Each structure stands twice: as structure tokens, then as C-alpha cells.
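Observations on the model geometry
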Amino acid sequence: MLIAAVLLTIAGCSLVGRAAVPSEPLGDFVVGEFGGIDGRQNILHVRTDGVALLVSRAPAAGKLSDQTMSRLQSLLMSSSSRREVARDAKRKERAPVPVCADQITTEVTMGNLSMSRSDPCQEESEPTPAFDEILSLVAPALDGNFDGPVDSTEPRLFPLRLERIQAHDQPAYTITVRFRRARHDHGVGRTSELHALSVSERDTLRLLLARVIEKPVAACTVPASYRLHVEKEAPVDGADCAFPERQPEFHALAAMLENDFGV
């Protein structure tokens, strides 16, 4: 009976230890960088096949090498990473992260697993080698530098029209994208500009567009600045505020097209 009790106690402790470490299958993951004096909002979406999309003021897309992806996946699935996530969750339960000037928050999320760090004002905590290595491996991609180009033809790039709505401080215009070209129409009586989209630009644009139109168009509750029309089997049409869960992607798409024409 004594031996049985000891075994039950050991098993119970083991179960408690395992329960403290969150479980999540390997999948796509996201690395975000927010805040700072420049108000950055850089979001890197990485698929399990290594295709990555950077959503920012200067959006970009590319591929992470097999070696980098193998190491990232090992880190994400490691017991060390899961323990760091569990500790981070407990720390946030105890007290909210303090806010300070020029604070930059970095976050790694995969499914239900999420861990973040805020510098330079976060209180001293235990070392996070797995989290730190993940950030180190994706740092070039967060700057728009990838190991190679996107090697997948999906999702496809649908013809689209982006309209900027007239306002007191901004003129109206239309940018139309068809196949490999973009056209900027300034308005009546002005000559249109043409821009040939590079392979890299088309890859970035189609990955951004796929995320923007992934969810149904919603009703707007705030004034709109842009309107997007996408020509597909079931056309998508809506103002920027009609994509509430895809605001970063929508404005990255608009910024990319505007940058092409120096708007």
C-alpha cells in the first residue's frame, strides 16, 4: 500500500507538471513587433512551408530556408519553449506589464500559445533562450529580408481596384491592378500612370489580398478612407472599415500601391 501511495503521488506530480506546460500542435505562427517612438506595427506571418508575409508600412513576402524553418519548428515544439510560455502567462496573471516611453513589445504566437516581451521597461525575469532564438532567426524577415522568393503560386492575385475617398485633406484617386500592371488614375483631365509590378511585388500583393478578403465584409461603423473592389467568382467590395479584423493587411496593401506611385 505504501509503494502504491508513493507511485500515485509521483504520477500526480508528473501530471501536474505536464499540465503546466501548454500543448499545441505545430502550425503557422506569427511574430509581431509593436510600439516605439515610430509607432511600429510589424507583423510577420510564417506558414509551415516557410512562406512568410511581412505586414508593415513596407510590406514584403518571401521564403525562409529549410534550415531556418527546421530550427524554428524545433524551438516552437520544444519543452523549453512551452515552459517559457507557461511562465510568461503566470507572470501576466500576477501583474500587468508596465508601460513606459519608447516601449517595444515583441510577441510570438502559434495557435493558443503566445508569449511576449516588452523592452526596455519590463521587470527582470527568468531567461528565455528559446524565445530569444526565435526572434533572432526571424529578425531579417521582420526587416523585409528573406532567404528566397515565394515559391508557391497560391493564393492567386485577383484583379482589384483601390479607391481613395475624397476628403478635405486628401484627393480622390483610383489604383487598378490587372495581371502584371498597376494603373493610377488621378481624376478627370489628368493622365494615368502605369507601373509594372515585379514578381516580388505581385507575391506580396497576392498574399496580402488573400488575408484581407479571407473574412466576410462587415458593415462600417466609422468613416471610410478607402474602398476595395476585388474581381473574383464572388466579387468582394467594401470600404476599409468593412474589414475590421484585417486592418493591418488592408492598410499595408494600400501603402504598397501608394508607394509604387509615390502617393
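Notes on the structure in this doc start here. (Residues numbered from 1 in each chain as written. Predicted model: local features only at pLDDT ≥ 70, side-chain atom pairs only at ≥ 80, totals over all residues. Heavy atoms only, no water.)

Let's shift gears to the packing of aromatic side chains. Across all of its chains, the model carries 2 aromatic pairs by this definition. Pairing Y226 with F250 gives two aromatic rings, centres 6.3 Å apart and planes at 55°, and the pair type is tilted. With Y226 in strand β11 (residues 226-230) and F250 in helix α6 (residues 247-260), the pair connects residues that are 24 residues apart, well separated along the chain. With respect to burial, Y226 and F250 carry one shared label: buried. An aromatic cluster is defined as three or more aromatic residues linked by ring pairs; in this entry it consists of Y226, F243 and F250. Positioned above the aromatic ring of F158, the side-chain terminus of K232 is 5.5 Å from the ring centre. (Phe/Tyr/Trp six-rings, centres within 6.5 Å; stacked < 30°, edge-to-face > 60°. Helix = DSSP H or I, 4+ residues; strand = E, 2+ residues; numbered from the N terminus. Buried < 20%, exposed > 50% of the residue type's maximum accessible area, 1.4 Å probe, protein only. Lys NZ or Arg CZ within 6 Å of the ring centre and 35° of its normal.)

Moving on, we come to the pattern of salt bridges. Evaluated as defined, the whole model comprises 14 salt bridges. In this structure, R211 and E249 form a salt bridge, with 2.8 Å as the shortest nitrogen-oxygen distance. Taken together, the positions of R211 in helix α5 (residues 199-212) and E249 in helix α6 put the pair 38 residues apart, joining distant regions of the chain. Judged by its relative accessible area of 4%, E249 is buried. The salt bridge involving E214 is made with R246; its shortest N-O contact spans 2.4 Å. Of this pair, E214 sits in the loop between α5 and β11 while R246 sits in the loop between β12 (236-239) and α6; the two residues are 32 residues apart in sequence, bridging distant segments of the chain. Classification of E214 by relative accessible area gives exposed; the value is 52%. (Salt bridge = Lys/Arg side-chain N within 4 Å of Asp/Glu carboxyl O.)

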